[in-house]
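# Fold and contact review
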Amino acid sequence: MSDRSFRFTHAITRRPAASIVNGLRAVDTGTPSLDLMRRHHADYVAALRATGAVVVELDPLEAFPDSVFVEDTALCLPEGAIVMRPGAPSRLGEAAEMAPHLAALYGEVRRIDGADSFIEGGDILTTETEVLVGRSARTNAAGIAELTRKVADWGHKVREVITPPGVLHFKTDCSLLDGETILATARLDASGCFAGYRVIHTAEGEEAAANAIRFNDVVLVPAGFPRTRDALVKAGYAVQEIGNSECAKLDGGMSCLSLRFRPRA
Ligand code: CIR
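Summarised in this report is the structure supplied together with it. Throughout this description, residue numbers start from 1 for each chain and increase along the sequence as written. Residues qualify for local features only when their pLDDT is at least 70, as the model is predicted, and side-chain atom pairs are given and counted only at 80 or more; totals for whole chains, interfaces and linings, by contrast, use all residues. Note: side-chain values were computed over all heavy atoms of the structure, leaving out hydrogens and water.

## Quick word on the site of the ligand
When we say a residue is near a molecule or strand, we mean one of its heavy atoms is within 4 Å of it. The full set close to the ligand counts 14 residues, and Asp66, Asp72, Arg91, Leu250 and Cys256 are the nearest of them. The contact in question runs from a nitrogen atom of the ligand to an N or O atom on the side chain of Glu71, over 2.9 Å. For the purposes of these results, a polar contact is taken to be a pair of N or O atoms within 3.5 Å, where, inside protein, one atom must be able to donate a hydrogen and its partner to accept one; residues adjacent in sequence count only when each atom of the pair is a side-chain atom. Here an oxygen atom of the ligand and a side-chain polar atom of His169 are 2.9 Å apart. In the complex, 99% of the free accessible area of the ligand, which totals 350 Å², lies under the protein chains. Looking at the shell around the ligand residue by residue, the class counts come to 5 nonpolar, 3 polar and 6 charged. Only the protein chains shown count as covering a residue, and every accessible area follows the Shrake-Rupley method with a 1.4 Å probe. Each residue is assigned to one class: nonpolar for Ala, Val, Leu, Ile, Met, Phe, Trp, Tyr, Cys and Pro, charged for Asp, Glu, Lys and Arg, and polar for all the others, Gly among them.

## Brief notes about the pairing of strand S1 (residues 10-14)
Buried residues dominate S1, accounting for 5 of its 5 residues. Every second residue of S1 is oriented toward a common face, with His10, Ile12 and Arg14 on one face and Ala11 and Thr13 on the other, all of them buried. A pair of strands is labelled paired if DSSP reports no fewer than 2 bridges between them. The helix count covers DSSP runs of H or I at least four residues long, the strand count covers runs of E at least two residues long, and both are numbered beginning at the N terminus. Sheet analysis places S1 next to strand S2 (residues 54-58), joined by 5 bridges and oriented parallel. Looking at S2, one finds that Ile12 is bridged to Val56. On the question of chirality, the crossover connecting S1 to the parallel S2 by way of helix H1 (residues 34-49) is right-handed. Pairing geometry for S1 and strand S15 (residues 259-261), over 3 bridges, is antiparallel. Bridging from a neighbouring strand, His10 pairs with Phe261 of S15. To sort residues, take the accessible area from a 1.4 Å probe on protein chains only and compare it with the maximum for the residue type: under 20% means buried, over 50% means exposed, and anything in between is partly exposed. When the strands point away from the viewer and the connection leading from the first strand across the helix to the second strand turns clockwise, the crossover is called right-handed.

Here's what the structure looks like:
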């Protein structure tokens, strides 16, 4: 089994802006603390760097409150990057801000540019064999169709799946753990989208632990979900917990905070 879906040489992150207090959220559970978010973010970047990867840390973008959640701006594949077209109007401009940074690291950068196409990186899970894209309130059929066309000549197959109603992104409820294993909430797994994969469920009441990342040899999980953490340790993964209380107030988690990739030489 190859490991290109979780072996990375690079990541891009963006420091949180003070405007983060105005970030989008489904339910208001309180104003995020910028100071604490910065500390969690620094822990996150340090954990990525500890695996030996180069982490490009971009400056805050005050004009875009949600811009710390860089994952939504692009899909990074070994052959090239695809700049997304976020479905949240306040986030549309973030994608253009990311494009030059991708161009500096990749030979080829393509763009989702159809006027009717909307797609956010949080709805995309890349495995060893396919690119799963959840249709959601942020990602529509036109966006998925355009992505399908734009990665076909790179040999990637896109499969449309459904993000459960009321869930922000597909990856809010799942993560890749290795070439054949996925961490998912029971509610998402029940949709049948992971047939053929080994699936580990988050513990009941710990659904928010599903947004983790496998980055080289480590699995970063949000702190505060001990039964899911223990299940992953028992399954043999090297797990590291990262504080996520402030990003969680804005429906963000481990995957949202980085673009992870290994450009083909
Ligand atoms: C948003 O609603 O767009 C942000 N507050 C959270 C984005 C989280 N991103 C992700 O799951 N990939």
